[in-house]
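# Summary of structural features
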Amino acid sequence: MLDLLNLPGVKPVDMYKESKALIIVAVADDAEAFMCPDCKIPMHKHGTRKNKFSDMPLYMEPVRLEVQRPRFRCESCGKMAMPELSFLDDKRRATKRLVDAIQQQCLSTTLRALADQTGVAVNTVKNIAHDLIKELEQTVRYETPVIMGIAEVNLAGGYRCVITNLATNNVFEMLEERTQDHLKPFFKDLPDCEKVEWVCTGMWQPFKLYFAEFLPNAKLVIDKFHVVQMASEALEEERKKYQIQLSKDDRINVKKSFRWLTLKRPDNLTPAEHEALAIVRQQIPELAIAYDFKESFFAIYDEPDKQQAQNAFESWKNSLPDEGMEPFKRLVKTVHNHYDDIFAYWDAPFSITNAYTEGLNGFIKMSNRLGRGYSYEIIRAKTLYSAEARKVGSGIRSGHGKVEYGPHIPTLLKQAESGELE
């Protein structure tokens, strides 16, 4: 029979099909009699033993390797022994090459797909993945970011903390929780912590409290998109307030015409959207005024320097009417509460935002959906250790040897869009 296995110490003698796998029968090569390790006398042949092991798929079918091996017995002490097969995994009833293949693919596809492809139980695939994760956690280290992004993502039953390198758009770390017990030890043990010059995050105050003690050179800038999002939310409150006064049909038309206008700047509106906005101006002029306040707040970030931006904010604040527009007045209070950190945006050497960090959050949530209940550890590993995405932006740096910055976020997003995670 043609040797389909190419494994040392065995040769195939038969092959047949079961309902869920292809069975290849193999016999072990003739083995010399064993010496009993205790009695130091030759052991005698004592029948054969059949065992099944999972192996690499063949002809797009899962494979079970049925190996027949001679058994030997010591006549003196009764000890039994069989020839060792070097190609078997030490921990599982599988070949080493199958375990290696699963480890190579488990962070770039779903565990269920790997289980279906190989015929191995999902829990076994998970255990193989966890062994790989332990190894990666011991061996993989990423360069400390000069510009660090921090965001939260609601995932697998809790809020997790995602940390990125905004200078290179790479993933840096993912923490199980955003609490003091997780964040303070992370910043305390961060290698080369003096390298961090900027930290971009949202308005959750504990983030600043936790890193300020341990990052001596870092300055906080609150993410631009978190700030302008509050203006969009204020406009949405105004929309709901006026919309509730309309009839059901008018309410549907206004929502359909106006809801998505809050997400675009005027220059990006289509002709149809400009027409929809004109209808709103005609039918609900108060709502159109709220829209203009949202847009003029967005325009603050179009200012070229810090002083002009601060002046623009003061002008915007002073233009709010004495009566009404309460959501926008709450926005004013929020800006004053975080004034220095918001306007630090103009102190940075270039525009620092958490856009890629937020994009990464979308990738993480997609991985979770595809995995149908992955543990936090699996999702973290899929985010932190993607082999292809780790290649981008990393390499040899003059005088520094190999430098790795973590998985490249745009590459992760392309993989997700192309369906490579499925």
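Refer to the structure presented above.
Read on for an overview of the structure. (Residues numbered from 1 in each chain as written. Predicted model: local features only at pLDDT ≥ 70, side-chain atom pairs only at ≥ 80, totals over all residues. Heavy atoms only, no water.)

Inspection of every chain in the model, using the stated rule, returns 24 salt bridges. One salt bridge in this structure joins Arg239 and Glu236, with 2.4 Å as the shortest N-O distance. Of the two residues, Arg239 and Glu236 are both situated in helix 6 (residues 224-243); the distance of three residues between them amounts to about one turn of the helix. Comparing Arg239 with Glu236, the two get one shared label, buried. (Salt bridge = Lys/Arg side-chain N within 4 Å of Asp/Glu carboxyl O. Helix = DSSP H or I, 4+ residues; strand = E, 2+ residues; numbered from the N terminus. Buried < 20%, exposed > 50% of the residue type's maximum accessible area, 1.4 Å probe, protein only.)

The set of residues buried in helix 2 (residues 111-118) consists of Leu111, Leu114, Ala115 and Thr118. Viewed along the axis of helix 2, the buried residues span an arc of 100 degrees, placing them on a single side of the element. In this structure, helix 2 carries Arg112 and Asp116 as exposed residues pointing more than 90 degrees from its buried face. Elements in contact with the buried residues of helix 2: strand 3 (44-58), strand 4 (61-73), helix 1 (96-105), helix 3 (122-139) and helix 14 (376-384). (Arc of directions from axis to C-beta. Contact = heavy atoms within 4.5 Å.)

The next subject is helix 6. With 20 residues, helix 6 should reach 28 Å at 1.5 Å per residue; the first-to-last C-alpha distance of 29 Å fits that figure. Regarding helix 6, the residues found buried are Val227, Val228, Met230, Ala231, Ser232, Ala234, Leu235, Glu236, Glu238, Arg239, Tyr242 and Gln243. (Expected span 1.5 Å × (residues − 1).)

Under the definition given, this model contains 15 aromatic pairs. Each ring, one from Phe172 and one from Phe186, has its centre 6.3 Å from the other, and the planes form 65 degrees; the classification is edge-to-face. Here Phe186 lies in helix 4 (residues 180-188) and Phe172 lies in strand 8 (residues 170-175), a separation of 14 residues in the sequence. The residues Phe172 and Phe186 share a single accessibility class, namely buried. When the ring of Phe343 is compared with that of Trp346, the centres are 5.7 Å apart and the planes differ by 25 degrees; the resulting orientation is stacked. (Phe/Tyr/Trp six-rings, centres within 6.5 Å; stacked < 30°, edge-to-face > 60°.)

Turning next to the environment of Gln229. Mapped onto the elements, Gln229 comes out in helix 6. When the C-alpha atoms of Gln229 and Phe298 are compared, they prove to be 9.2 Å apart, with 69 residues separating the residues in sequence.

Burial within strand 2 (residues 22-28) is extensive, with six of its seven residues counted as buried. Where strand 1 (residues 10-17) meets strand 2, seven bridges bridge the pair, whose relative direction is antiparallel. Bridge pairing in strand 2 links Tyr16 to Ile23. In textbook terms, the turn of a hairpin is the stretch between consecutive antiparallel strands, and for strand 1 and strand 2 this stretch comprises four residues. (Pairing = 2+ DSSP bridges.)

Look at helix 1 against helix 2: their axes get within 10 Å of each other, and the N-to-C directions meet at 150 degrees. One finds that helix 1 runs roughly antiparallel with respect to helix 2. For helix 1 against helix 2, the interelement crossing comes out right-handed. Across from Leu98, Ile102 and Gln105 in helix 1, the residues of helix 2 making contact are Leu114, Gln117 and Thr118. Its residues assigned to classes, the contact of helix 1 with helix 2 shows three nonpolar, three polar and no charged. (Axes fitted to C-alpha atoms, helices over the stretch in contact; angles between N-to-C directions. Parallel < 35°, antiparallel > 145°, perpendicular 65-115°, else oblique. Left-handed = near helix turned anticlockwise from the far one by under 90°. Nonpolar A, V, L, I, M, F, W, Y, C, P; charged D, E, K, R; others polar.)

Here helix 6 crosses helix 11 (residues 326-337) at 160 degrees, and the two axes come no closer than 8 Å. Of the possible angle classes, the one that applies to helix 6 and helix 11 is roughly antiparallel. The hand of the helix 6/helix 11 crossing is right-handed. Contacts between helix 6 and helix 11 involve Val227, Met230, Ala231, Ala234, Leu235, Glu237 and Glu238 from the former and Glu326, Pro327, Phe328, Arg330, Leu331 and Thr334 from the latter.

Within the secondary structure, His338 is located in the loop between helix 11 and helix 12 (339-343). Overall, His338 belongs to the buried group, its relative accessible area being 14%. Once residues lying within four places of it in the same chain are set aside, the contact partners of His338 are Met203, Gln205 and Ile222.

Positioned with a positive phi, Tyr59 is a non-glycine residue whose angle comes to about 55 degrees. The exposed category is assigned to Tyr59, whose relative accessible area is 58%. Despite not being glycine, Asp192 has its phi angle at roughly 55 degrees, a positive value. With respect to the helices, strands and loops of the structure, Asp192 is situated in the loop between helix 4 and strand 9 (198-201). Relative accessible area serves as the criterion here: at 37%, Asp192 is assigned to the partly exposed category.

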